[in-house]
Amino acid sequence: MKTLFPAMIALLAMTFAAATPAQDKAGDAAAGQKKNAMCIGCHGIVGYQASFPEIYKVPMIAGQNAKYIVAALTAYKKGDRKHPTMRSISESLSEQDMADLAAYYEAEGGARAELPAEPAKAPDPAIAELLTKGSCAACHGANFSKPIDGSYPKLAGQHADYLYVALKAYATQGNPNIGRSHAIMGAQVKAFSHAELKGLSNYMAALPTDLKTVPQSKFK
């Protein structure tokens, strides 16, 4: 049964991705650059920290998959992701706005880094066991930077404190302002303690990445 688990997770992941709302609108990066005024105040400042629901660095989104950015914004707009600020911003966006912003931020990452096919930093045995237990690579790729579907995020190199907060959010229920609804991730994180989630976050954050925060001019 253990040998089948990663394959089952991957199959469920692809099925779930296919069931999400169509993300077939072509994004215009140039148009997205003109629409990002609400984004740069957090995502355009290196090291910027959010304070809700706890203090953590806002995620790097330059270089992230456009399809994932659209999926995330759609989830905030629908309420599947509960965060007051992001919900408010996403509600003001049309599907075309989301596609344009996603295209802009994917392109803002610049040329894709030549990342190793396997993690350059081998996990210690305890973390390796957790990665196997969660079948993380089945969806996010062997190097955690090349997911099997663009609607899933790159994790390698992302801020550890953000990853930790995001993972905990998938296990949060019944809170109108905190939490994320996702069938696969919700089931996954319940199998881990907070200490284990933090260990996974720290490991993934230390891996090579092509994610970045691109500083924005204060005169923009």
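Residue positions are given per chain, counting from 1 as you read along its sequence in written order. In view of the model being predicted, local features appear only for residues whose pLDDT reaches at least 70, and side-chain atom pairs are presented and counted only at 80 or more, with totals across whole chains, interfaces and linings using the full set of residues. Only hydrogens and water are removed before side-chain values are computed, so all heavy atoms of the structure are retained for them.

### A few points about the overall build of the chain
Working step 1: Secondary structure elements are taken from DSSP: a helix is a run of H or I of four residues or more, a strand is a run of E of two residues or more, and numbering for both begins at the N terminus. Each helix and strand in the chain was counted, giving 11 helices and four strands.
Working step 2: Only protein chains enter the accessibility calculation, which uses a 1.4 Å probe; a residue whose area is less than 20% of its type maximum is buried, one above 50% is exposed, and one in between is partly exposed. With 220 residues in all, the chain has 46% of them scored as buried.
Working step 3: Total accessible area on the chain stands at roughly 11400 Å², and carbon and sulfur atoms take up 60% of it. For accessible areas, the Shrake-Rupley method is used with a probe of radius 1.4 Å. Any residue's cover is judged against the shown protein chains and nothing else.

### Considerations on the environment of G32
Working step 1: As for its position among the elements, G32 is in helix α2 (residues 29-33).
Working step 2: Separated by 66 residues in the primary sequence, G32 and M98 have C-alpha atoms spaced 8.2 Å apart.
Working step 3: Any two residues whose heavy atoms approach within 4.5 Å are treated as being in contact. Filtering out sequence-adjacent residues up to four positions away, G32 remains in contact with D100, L101 and Y104.

### Some words on the packing of helix α9 (residues 160-170) against helix α11 (residues 194-205)
Working step 1: Between N-to-C directions, angles cover 0 to 180 degrees, with each direction set by a line fitted to C-alpha atoms, over the stretch in contact for helices. Interaxial distance between α9 and α11 falls to 8 Å at its minimum, and their mutual angle equals 140°. With respect to each other, α9 and α11 are oriented oblique. Relative to α11, α9 is oriented so that their crossing is right-handed. Along its contact with α9, which presents A160, L163, Y164, L167 and K168, the element α11 presents H194, L197, K198, S201, N202, M204 and A205.
Working step 2: For this classification, Asp, Glu, Lys and Arg are treated as charged, while Ala, Val, Leu, Ile, Met, Phe, Trp, Tyr, Cys and Pro are nonpolar and the rest, including Gly, are polar. Taken together, the residues that form the contact of α9 with α11 break down as seven nonpolar, three polar and two charged. For classification, angles of less than 35 degrees are called roughly parallel, those exceeding 145 degrees roughly antiparallel, those between 65 and 115 degrees roughly perpendicular, and all remaining angles oblique. With the far helix as reference, a near helix turned anticlockwise by less than a right angle produces a left-handed crossing, and one turned clockwise produces a right-handed crossing.

### Notes on the nonpolar core
Working step 1: Side-chain atoms within 4.5 Å link the members of a nonpolar core, which is a set of buried Ala, Val, Leu, Ile, Met, Phe, Trp, Tyr and Cys residues. Membership of the largest hydrophobic core comes to 27 residues, with the highest contact counts inside it found for L131, F144, Y203 and M204.
Working step 2: At the level of elements, α4 (66-78), α7 (125-134), α9, α10 (183-189) and α11 are the ones that each hand at least two residues to this core.
Working step 3: For this core, the element with the highest residue contribution is α9, accounting for seven residues.
Working step 4: Counting 16 residues, the second largest nonpolar core, distinct from the first, contains M86, I89, M98 and L101.

### Some thoughts on helix α5 (residues 84-91)
Working step 1: Of the positions making up α5, those classed as buried are M86, I89 and S90. Axial view of α5: buried residues confined to an arc of 95°, hence all on one face.
Working step 2: Where α5 is buried, its residues contact α3 (37-43), α4 and α6 (95-108). To obtain the arc, one takes the directions from the helix axis to the C-beta atoms.

### Focus on the confidence of the model for the chain
Working step 1: Averaged over all residues, the pLDDT of the chain equals 90, while 88% of them reach at least 70.
Working step 2: Note that residues 1-5 has pLDDT below 50 and, in this model, four contacts with residues that lie over four places away or in other chains.
Working step 3: Low pLDDT, under 50, characterises residues 18-22; the stretch is placed with two contacts to residues that sit more than four places away or in other chains. pLDDT expresses how confident the predictor is about each individual residue, on a scale running from 0 to 100.

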